[in-house]
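Examination of the molecular architecture
These are the residues of each chain, in order.
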Amino acid sequence: MKIRIKGKYIFLGLLLIVISEPRYFKLMENSILDAIFISCQIILGGLFSIYFLKYKSIKNNVSYYLILLDIWILLITILKDGAIYAALSKLYSLVILVFIYESCKKYKEDMITIFMVCMEIFIYIQLADVLIHPAGITDRQWILGGQNDIVRFLLPAYCVAVIYNDIFKKRLRTVLLICAINFIAILVDSSTTIVGILIMNVVYLFKHIRRLVDLKLGMALILVAFALIVISQNVFVNSIITSVFGKSITFHGRTPIWQFVIDEIMHHPIWGSGRGNFYINTSYMATHTHSFILEIAYRGGLIGIILLFVIVCAIIIKMEKFKKWKVYSLLSAAIFSFFVMGIVEVHEYHLMYLIFLLAYDIQEFAALEGGITNA
């Protein structure tokens with residue numbers, strides 16, 4: 001299969017690296033380099049946005065819903081006088097990611113190749129960093145983020161690697177990248193990350209498991225687990241889950257945080273409180289809710305939850321007719337992993353949403369894979 005990599009695709013790859021916010025300059029506390037890096041984000045992203053808006057258009061409906069969700073949170077953040085810069089930054093990075101994705105859609109092979117190369121750069125640099133600095137550059141912080149943050153690169157990289165292999169039959173490259181992902185998950189010692197990557201491994205390696213994957217059932221299980229663990233805080237269920245996630249019976253202080261958040265949400269149930277207005281200082285200090293669905297409810301209220309529900313439903317409906325395909329099982333596993341980890345962590349990050357974009361365009365990848373099913 002011939003690859004049509006052009007200069008603009010190299011630019012898009014560099015732009016993706018820039019917007020992905022590696023932490024190196026912040027960890028080195030080099031304000032000059034950090035300022036240069038942020039300037040590159042703004043200038044390159046701005047120029048590309050002008051080009052995209054003039055010559056391209058968004059055709060993936062989930063892209064619109066994700067951007068709308070971040071716009072809503074930004075508006076509430078402005079009204080509540082919250083962390084406006086942080087909300088703007090997240091929206092900006094998401095928009096650029098969507099523009100990069102949509103710019104390559106005409107040539108899916110090129111797009112997957114770009115993402116594959118970028119993910120290899122991220123993952124192999126992070127693997128080297130973890131091996132050189134086992135305890136982190138500073139306090140369990142590495143180039144790609146903190147102990148529980150690195151999965152935001154690992155999970156999308158896993159999806160891209162598998163799709164890349166199914167299209168181009170480059171098994172060695174895929175296996176090496178997946179092995180690196182697993183090594184990183186183990187070495188950073190995050191129970192939540194290990195659980196998420198383990199789910200991917202089981203579905204990827206065992207064909208009989210892939211045949212059983214059902215995204216609708218998976219999301220239903222997520223809602224039940226969320227209700228029992230976070231909302232009702234059922235002691236029996238929590239005791240079982242803590243043995244899986246490696247947390248204490250309070251999930252390392254999360255249960256009082258969740259109770260506080262639920263009380264706060266009830267004060268602003270419709271509109272939410274925006275970004276940056278959350279702070280709790282119990283025996284465990286927290287600046288976010290430690291639960292993805294709770295975080296969306298806190299920041300965007302009922303409207304934010306409705307938008308999240310629409311995103312998930314749109315993906316499920318679009319994927320349903322491809323249930324026999326291998327790509328369905330793996331993308332479903334990635335979404336399921338995202339929400340499983342999201343029960344006890346917040347992984348609301350633009351690069352993670354690449355999984356949603358890929359899932360919504362499943363028919364394109366199913367066609368490129370040439371008939372790879374779970375049979």
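In this report, the structure presented in the accompanying data block is examined. (Residues numbered from 1 in each chain as written. Predicted model: local features only at pLDDT ≥ 70, side-chain atom pairs only at ≥ 80, totals over all residues. Heavy atoms only, no water.)

**Focus: the overall build of the protein**
The criterion, for reference: Runs of H or I in DSSP of at least four residues are treated as helices and runs of E of at least two as strands, each being numbered from the N terminus. Only protein chains enter the area calculation, which uses a 1.4 Å probe; residues under 20% of their type maximum are buried, those over 50% are exposed, and those in between are partly exposed. Accessibility throughout is a Shrake-Rupley quantity obtained with a 1.4 Å probe, and a residue counts as covered only by protein chains that appear here.
Looking only at helices and strands, the protein features 17 helices and four strands. Looking at the 375 residues of the protein, the share that counts as buried comes to 55%. For the protein, the exposed area adds up to about 16300 Å²; of that, 69% sits on carbon and sulfur atoms.

**Structural notes on the environment of A297**
Heads up, the rule is: Any two residues having at least one pair of non-hydrogen atoms within 4.5 Å are treated as being in contact.
Counting through the fold element by element, A297 comes out in helix 14 (residues 292-319). In this structure, A297 is in contact with I265, G272 and I305, ignoring residues within four places of it in sequence.

**Comments concerning the packing of helix 14 against helix 15 (residues 326-342)**
We count it as follows: Helix axes are fitted to C-alpha atoms over the stretch in contact, other axes to C-alpha atoms as well, and angles between N-to-C directions run from 0 to 180 degrees. Roughly parallel refers to an angle under 35 degrees, roughly antiparallel to one over 145, roughly perpendicular to one between 65 and 115, and oblique to any angle outside these ranges. Should the near helix be turned anticlockwise from the far one by less than a right angle, the crossing is termed left-handed; should it be turned clockwise, right-handed. Put simply, Ala, Val, Leu, Ile, Met, Phe, Trp, Tyr, Cys and Pro go in the nonpolar bin, Asp, Glu, Lys and Arg in the charged bin, and everything else, Gly too, in the polar bin.
At a minimum axis separation of 13 Å, helix 14 and helix 15 run at an interaxial angle of 165°. In this view, helix 14 runs roughly antiparallel relative to helix 15, as classed from their interaxial angle. In this structure, helix 14 crosses over helix 15, and the sense of that crossing is left-handed. Here F292, I293, L308, V312, I315 and M319 of helix 14 lie close against helix 15, whose contacting residues are Y328, L331, S332, I335, F338, F339 and G342. Classifying every residue of the contact of helix 14 with helix 15 gives eleven nonpolar, two polar and no charged.

**Here we look at the packing of aromatic side chains**
The criterion, for reference: The aromatic pairing rule takes the rings of Phe, Tyr and Trp, using the six-membered ring of Trp, and pairs them if the centres are within 6.5 Å, calling planes under 30 degrees apart stacked, those over 60 edge-to-face and the rest tilted. Note on criteria: charge over ring means Lys NZ or Arg CZ within 6 Å of the ring centre, with the direction from the centre no more than 35 degrees off the ring normal.
Following the criterion strictly, the structure yields twelve aromatic pairs and no others. Seen from their ring centres, F338 and F356 are 5.3 Å apart, and the 75° between their planes marks the pair as edge-to-face. Taken together, the residues F338 in helix 15 and F356 in helix 16 (residues 354-360) connect sequence positions 18 residues apart. Both residues of the pair, F338 and F356, count as buried. Taken together, the aromatic side chains of F292, F338, F339, Y353 and F356 make up a single cluster linked through ring pairs. Its guanidinium or amino end placed over the ring of Y360, K318 lies 3.9 Å from that ring's centre, counting from NZ or CZ.

**Some thoughts on helix 13 (residues 254-267)**
Inclusion rule: Between the first and last residue of a helix there are one fewer steps than residues, each counted as 1.5 Å, and that sum is the expected span. Relevant arc is that of directions from the helix axis to the C-beta atoms, nothing else.
Its 14 residues place the ends of helix 13 20 Å apart at the C-alpha level, agreeing with the 20 Å of an ideal helix rising 1.5 Å per residue. Within helix 13, the full set of buried residues consists of R254, T255, I257, W258, V261, I262 and I265. For helix 13, the angular spread of the buried residues around the axis is 150°, confining them to a single face. Exposed and oriented more than 90 degrees from the buried face of helix 13 are M266 and H267.

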